[in-house]
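# Inside the fold
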Amino acid sequence: MNLICKQPSMKKQKIIGELEEDRISQLPDSLLHCILSLLPTKEAVATSVLSKRWTDLWTSVTNLDFLCPDHYITKVNGRLVYVTANEQNHRSLHFVERVLLLHSANIRKFRLQSSNHLTSSRVISWISAAVRRRVQELHLATHMESVLILPRCLCTSEILTVLKVERMHCLIQFPSIIFFSSLKTLYLTHVEFVDDISLNRLFSGLPILEELKLHRCKWGNIRNVTISIPSLRSLTFYVACNKSSFECEIKVYAANLVYLNCSSDLSINLLLNNLSSLVDAYIDMKTLWNHPKATQFAANIINGLRCAKTLKISEGTLEGLYRIYGNLEETVNVFPTFSYLTSLEVNTMVTNRISRVLMGIFRGSPVLESIVIDEVYKGTWMTNPQPHGLKFCLKTCCLLEFRGRPAEMRFVKFLLKVATVLETIKIYCSEGLTKDEKKQEEVTKELGRVPKRSSRCGIQLLKYTDREIKRKY
C-alpha cells in the first residue's frame, strides 16, 4: 500500500500561521519587555518594524545595552560596504541619543561599550540621562578624550547598586560631594586617578560597598589613600607597570573581608590591616625586584594575610618570601605565622629555593589540613623540627603534574613519614607518565615500601586527564 502524505492546503497553512501569530501576540507586555531586555539595544529597537504591536515595546525595556564598534561591514544594494570609523562613530552616537530621547521607562541596567574616543560632555550627558531614569547598574567601557568628571547626580544616587568604569584609559575625577548610599559593587579598571583628595573622598562615601575591584589603574598621582570599608567582602587588586608610583601608599581596613585577589608588581605599598575575617586569598607578586622598596612592600602584603584560611600563591610570591627571609634555617622564628591557614595551593613548580619557603610556611601553619602543588622539580624537606600542622593536622595532599622525579618521590616520602592523620595523597600523573605504565608500577612499588605514620593513608595514582583542580591564575 502506498502512503501518500498530503501537504496542508493554502487555507489551512494560513490558519496555522494566524494561530502561531496569535500565540505571540497574546503574550503580556511585561513578558515581552523581559525578552527584549535580554537583547542588545540595537536588536531590541529593530523589532519595532515587526508590527504595530511591537512599534513602541522597546521604549519600555529595563536594560539598555549599547555596543559601538569602530567599524562594521553592511550590505547596500546587494553589495558589501565597509563603514569607516568616523561614519560608524557618528551613527553610534546618534543612535544612543535617539534611544535615550525616546525611551520612557526606568532603567535597571545601562551598559555602554565603545572603542571610539568620546568627549567627556557627551558621556556625562548620557550618564545623567540614565540617573534620571533611576538606573541601578551602570557599566561604562569606552575610550575618553580627556578627563572624565563623574557628575554629582551619579555620585549621590540613592538607587545605584553597581558601578563599573572599565577600559576608559583617561583621568577620572570625582565631585566634591560623594555618597553612594546603595552601591554594593564598584569596578575601576584602566583609569588614572587625579589626586589623593578626590580618591579618598570616593572611598569614604561607600557605606555599604561589598565588592571592590581596582584593576590596572594608574597610581602615579597618588601618594596616600585609605580604604576603610567595614562592609567590604571582596577585594580584587591588580597593579602592573606603575614604575612612577613607588611613593604611593594604600592602606586597607576591612574587618569583614572574606575574599582577596591581589596581583602586584610591588611598585606601590599596600598595607592590609585587620583582615580578621579573611577566608580565601590569592597572591601573585610580580618580579619587579630592582627597586629598593620592593622587599619591604612584599613583606607588608604577606603580613596582612596572617588570618587567611585558604591561601593560593604564585611563583613570584614564593620568590618574594625567599628574598625577604633568606636562609630560613636561620630565620625560622621571624617567618610569618598563619594561625588559621587550613588550605595551601602552590601554583608553580617547586625548586630548591621554593622548597625552603614552603618549609617555612609549613612550620608557621599549625592547623594546615590540605596542600595542593603544581609540580615538584627539586627540593629539600627537613623532618627536624617537624612542622606541627603537617604532623597533627594534614589530611590531604594533591600533586597536579607528577613525573616520577626523585625530588617528587622524596616529597611524598617526607609527608608519609611525618603526617600522623594523613588520609589521602592524590597524584595526578603527567601526560608522559600516564602513558608509561611500567614507570607507574615502579612508582607504586617504591611508595608502597615507605613506612607510613598514618595507617589510614591511601595513595591514588591518577591520570592527568582526571584532574579535578585547575591551575588558577
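The shown structure was predicted, so the numbers you read here are calculated from the model rather than taken from an experiment.

Okay, the sheet that holds strand β10 (residues 192-193) next. Hydrogen bonds between backbone atoms are what pair the strands of a sheet, whose relative direction is either parallel or antiparallel. A sheet is described by the order of its strands in space; here three strands give the open sequence β6-β8-β10, paired in parallel fashion. Two strands in the sheet have a free side with no partner beyond their single neighbour: β6 (148-149) and β10. Where strand β8 (residues 171-173) meets β10, two bridges bridge the pair, whose relative direction is parallel. Bridge pairing in β10 links Leu-171 to Glu-192.

Attention now moves to the pattern of salt bridges. By the definition in use, this model includes 14 salt bridges. Notably, a salt bridge pairs Glu-247 with Lys-293, separated by 3.1 Å at the nearest N-O pair. With a gap of 46 residues between them, Glu-247 in the loop between β13 (234-239) and β14 (249-253) and Lys-293 in the loop between β17 (280-285) and α8 (294-303) connect regions that are remote in the sequence. Look at Glu-247 and you get partly exposed, because its relative accessible area is 48%. Relative accessible area serves as the criterion here: at 34%, Lys-293 is assigned to the partly exposed category. Put simply, Arg-405 and Glu-408 hold a salt bridge, and the shortest N to O gap is 3.9 Å. Owing to a relative accessible area of 1%, Glu-408 belongs among the buried residues under this scheme. One connected set of salt bridges, linked through shared partners, spans Glu-375, Glu-401, Arg-403, Arg-405 and Glu-408.

Here we come to the packing of aromatic side chains. Between two aromatic rings, the relevant description is the distance of the centres plus the angle of the planes. Scanning all chains against the criterion turns up seven aromatic pairs. Between the aromatic rings of Trp-381 and Phe-411, the centroid separation amounts to 4.6 Å while the plane-to-plane angle is 55 degrees, which identifies the pairing as tilted. In this pair, Trp-381 is assigned in the loop between β20 (370-376) and α12 (388-392) and Phe-411 in helix α13 (residues 406-418), connecting sequence segments 30 residues apart. By the burial criterion, Trp-381 is buried, and Phe-411 matches it. Ring plane angle 25 degrees and centroid distance 6.1 Å describe the contact between Trp-381 and Phe-414, whose orientation is recorded as stacked. Of this pair, Trp-381 sits in the loop between β20 and α12 while Phe-414 sits in helix α13, and the two are 33 residues apart along the sequence. Of the two residues, Trp-381 and Phe-414, neither departs from the other in class, the shared state being buried.

With respect to the secondary-structure elements, Ser-370 resides in strand β20. Using a relative accessible area of 18% as the deciding quantity, one classes Ser-370 as buried. There is a polar contact of 3.3 Å between the side chain of Ser-370 and the side chain of Thr-396. If near-sequence neighbours (up to four positions away) are discounted, Ser-370 is found in contact with Thr-342, Ser-343, Leu-344, Leu-394 and Thr-396.

This brings us to the environment of Leu-57. Mapped onto the secondary structure, Leu-57 falls in the loop between α3 (41-46) and β1 (63-68). Looking at Leu-57, the relative accessible area reads 5%, which means it is buried. Once the C-alpha coordinates of Leu-57 and Ser-30 are considered, the two residues, 27 residues apart in sequence, prove to be 9.6 Å apart. In this structure, Leu-57 is in contact with Asp-29, Leu-32, His-33 and Leu-36, ignoring residues within four places of it in sequence.

Here we have three strands laid out as an open sheet, ordered β12-β14-β16, and parallel in their pairing. Both edges of this open sheet fall to β12 (224-228) and β16 (269-273), since each of them pairs with a single strand only. Across the sheet, the axes of successive neighbouring strands diverge by a mean angle of 15 degrees, strand direction being ignored. Of the strand pairs in this sheet, β14 and β16 are connected by five bridges, and their pairing is parallel. Along β16, the bridge assignment pairs Val-252 with Leu-272.

So, on to the state of the cysteines. Applying the stated criterion across every chain, the model contains zero disulfides. Cys-398 takes part in no disulfide bond, and the closest cysteine sulfur, belonging to Cys-397, lies 7.1 Å away. For Cys-398, a relative accessible area of 7% corresponds to the buried category.

A few words on the confidence of the model for the protein. Model confidence for the protein is summarised by a mean pLDDT of 84, while 83% of its residues fall at 70 or above. With pLDDT under 50 throughout, residues 1-5 is counted as low confidence; its partners more than four residues away or in other chains account for zero contacts.

The phi dihedral of His-190 falls on the positive side, at around 55 degrees, and the residue is not glycine. Looking at the secondary structure, you find His-190 in the loop between β9 (185-189) and β10.

Phe-110, Trp-219 and Leu-358 are the most contacted members of the largest nonpolar core, which has 133 residues in total. No other element matches the eight residues that α13 contributes to this core. What Phe-110 contacts, discounting residues up to four positions off in sequence, is Leu-64, Phe-66, Leu-100, Ala-130, Val-135, Glu-137, Leu-138, His-139 and Leu-140.

Definitions and cut-offs
Residues numbered from 1 in each chain as written. Predicted model: local features only at pLDDT ≥ 70, side-chain atom pairs only at ≥ 80, totals over all residues. Heavy atoms only, no water. Pairing = 2+ DSSP bridges. Helix = DSSP H or I, 4+ residues; strand = E, 2+ residues; numbered from the N terminus. Salt bridge = Lys/Arg side-chain N within 4 Å of Asp/Glu carboxyl O. Buried < 20%, exposed > 50% of the residue type's maximum accessible area, 1.4 Å probe, protein only. Phe/Tyr/Trp six-rings, centres within 6.5 Å; stacked < 30°, edge-to-face > 60°. Polar contact = N/O pair within 3.5 Å; in protein donor to acceptor, adjacent residues only side chain to side chain. Contact = heavy atoms within 4.5 Å. Axes fitted to C-alpha atoms, helices over the stretch in contact; angles between N-to-C directions. Disulfide = S-S within 2.5 Å. pLDDT = per-residue confidence, 0-100. Core = buried A, V, L, I, M, F, W, Y, C linked by side-chain atoms within 4.5 Å.

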